[in-house]
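# Commentary on secondary and tertiary structure
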Amino acid sequence: MSFDIWITYIATVLLLMSTPGPSQLLMLSNSAANGLKRGLFTAAGDLTANLLQMLAAGLGLAAIIAASGTALAVIKWLGVAYLVYLGLRMIVKTGGKQTQSARPASRKALWTQGFVTSAANPKAVVFFAALFPLFIDGALPFWPQFAILSATYLTLDGLFLTAYGGSASWLATRLRGSARLWLDRAGGSFMILAALLLGLKSLRDT
């Protein structure tokens, strides 16, 4: 892969990531409530799902998933319901003073939330299947180019998620009392907003 094509690909991905989506909103919420170190497990779950979606695209499964409309709808709406549940639970927990001393979420739970949020958009497989060929030279071996494109995307996505999480964690450590309660409520609202974004996207795709 030439350096010019790689730079063009990076610019394209940065433009695509410029608008926050459900995964970024979830990262904001979890990092504000649990700190950046634990929030990174949310990012890891998201990136794991992305990697599996890329592999599915690379193995030619995009057409199969695109044709399975019912399965797509079920996966999407389960993800929407899961995020709404998490957001409501976070908001309800802020109703008592025990919120200040509540234990942080487990690393497994945070990873699962990140994975489910990303996996709830199985059409990402189709997205990667459409994006990667734009930058792959048919005269060169496929898999090395695929690996470069995948690694680049995951790196950029990870940096974006870390930046979102770091900002939320920094703000959370400087808020106390009622201000922190409102931040926790905002975190729950971010989760619900992420669910609404997924739901609206699902409706547009139907």
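Residues numbered from 1 in each chain as written. Predicted model: local features only at pLDDT ≥ 70, side-chain atom pairs only at ≥ 80, totals over all residues. Heavy atoms only, no water.

### Observations concerning the overall build of the protein chain
The number of helices and strands found in the protein chain is nine helices and zero strands. The order of helices and strands in the protein chain, counted from the N terminus, is α-α-α-α-α-α-α-α-α. Per-residue burial for the protein chain yields a buried fraction of 41% across its 206 residues. Sequence-distant contacts in the protein chain: of pairs separated by 6 or more residues, those separated by 24 or more amount to 89%. (Helix = DSSP H or I, 4+ residues; strand = E, 2+ residues; numbered from the N terminus. Buried < 20%, exposed > 50% of the residue type's maximum accessible area, 1.4 Å probe, protein only. Contact = heavy atoms within 4.5 Å.)

### Digging into the nonpolar core
By size, the foremost hydrophobic cluster in this structure holds 18 residues, and its most contacted members are Y9, V13, M54, F128, F132 and Y153. The set of elements that each furnish at least two residues to this core consists of α1 (3–16), α3 (36–58), α7 (124–131) and α8 (142–173). The dominant element in this core, judged by the number of residues it contributes, is α8, at five residues. Discounting chain neighbours no more than four positions away, the residues touching Y153 are Y9, V13, M17, N50, M54, F127 and F128. Core analysis: the second largest hydrophobic core is formed by nine residues, L25, M27, A32 and L161 among them. (Core = buried A, V, L, I, M, F, W, Y, C linked by side-chain atoms within 4.5 Å.)

### Quick look at α1
For α1, which comprises 14 residues, the first-to-last C-alpha distance of 20 Å matches the rise-based estimate of 20 Å (1.5 Å per residue) to within 8%. Listing the buried residues of α1 in full gives Y9, I10 and V13. For α1, the arc enclosing every buried residue in end-on projection is 100 degrees, short of the 170-degree limit, so these residues lie on one face. Seen from the open side of α1, the exposed residues pointing more than 90 degrees away from its buried face are D4 and L15. Taken together, the buried residues of α1 touch α7 and α8. (Expected span 1.5 Å × (residues − 1). Arc of directions from axis to C-beta.)

### Observations regarding the side chain of T42
Inspection of the secondary structure assignment puts T42 in helix α3. The exposure class of T42 is buried, given its relative accessible area of 2%. For T42, the residues in contact, after removing those within four places along its chain, are L26, M27, N30, L110, W111 and G114.

### Remarks on the confidence of the model for the protein chain
For the protein chain, per-residue confidence averages 80 on the pLDDT scale, and 76% of positions sit at 70 or higher. The element-level mean pLDDT for the protein chain is lowest in helix α4 (residues 62–67), coming to 63, with α3 highest at 93. Low pLDDT (under 50) marks residues 97–101, which in the prediction has seven contacts with non-local residues, meaning those over four places away or in another chain. (pLDDT = per-residue confidence, 0-100.)

### What to know about the packing of aromatic side chains
Scanning the model with the defined rule gives eleven aromatic pairs in all. Pairing F3 with W6 gives two aromatic rings, centres 6.0 Å apart and planes at 50 degrees, and the pair type is tilted. With F3 and W6 both in helix α1, this residue pair falls three residues apart, about one helical turn. Accessibility expressed as a relative area gives 57% for F3, which makes it exposed. Both rings, one in W111 and one in F115, keep their centres 5.1 Å apart while their planes meet at 15 degrees; by these two values the pair is stacked. Here the residue W111 and the residue F115 both occupy positions in helix α6 (residues 107–119), the gap between them amounting to four residues, near one helical turn. Classification of F115 by relative accessible area gives partly exposed; the value is 22%. (Phe/Tyr/Trp six-rings, centres within 6.5 Å; stacked < 30°, edge-to-face > 60°.)

### Quick look at a nonpolar patch on the surface
Nonpolar side chains collect at one region of the surface, where L51, L52, L55, L59, F142 and W143 lie side by side and expose about 560 Å² of accessible area between them. Of all the secondary structure elements, the ones that give two or more residues to the nonpolar patch are α3 and α8. Here the nonpolar patch gets three residues from one element, more than from any other, and that element is α3. Residue placement: W143 occurs in helix α8. Residue classification places W143 among the partly exposed positions, given a relative accessible area of 42%. (Patch = residues over 30% accessible without salt bridge, like charges linked within 9 Å, V, L, I, M, F, W, Y side chains within 5 Å. Areas by Shrake-Rupley, 256 points an atom, 1.4 Å probe, with all protein chains shown as cover. Salt bridge = Lys/Arg side-chain N within 4 Å of Asp/Glu carboxyl O.)

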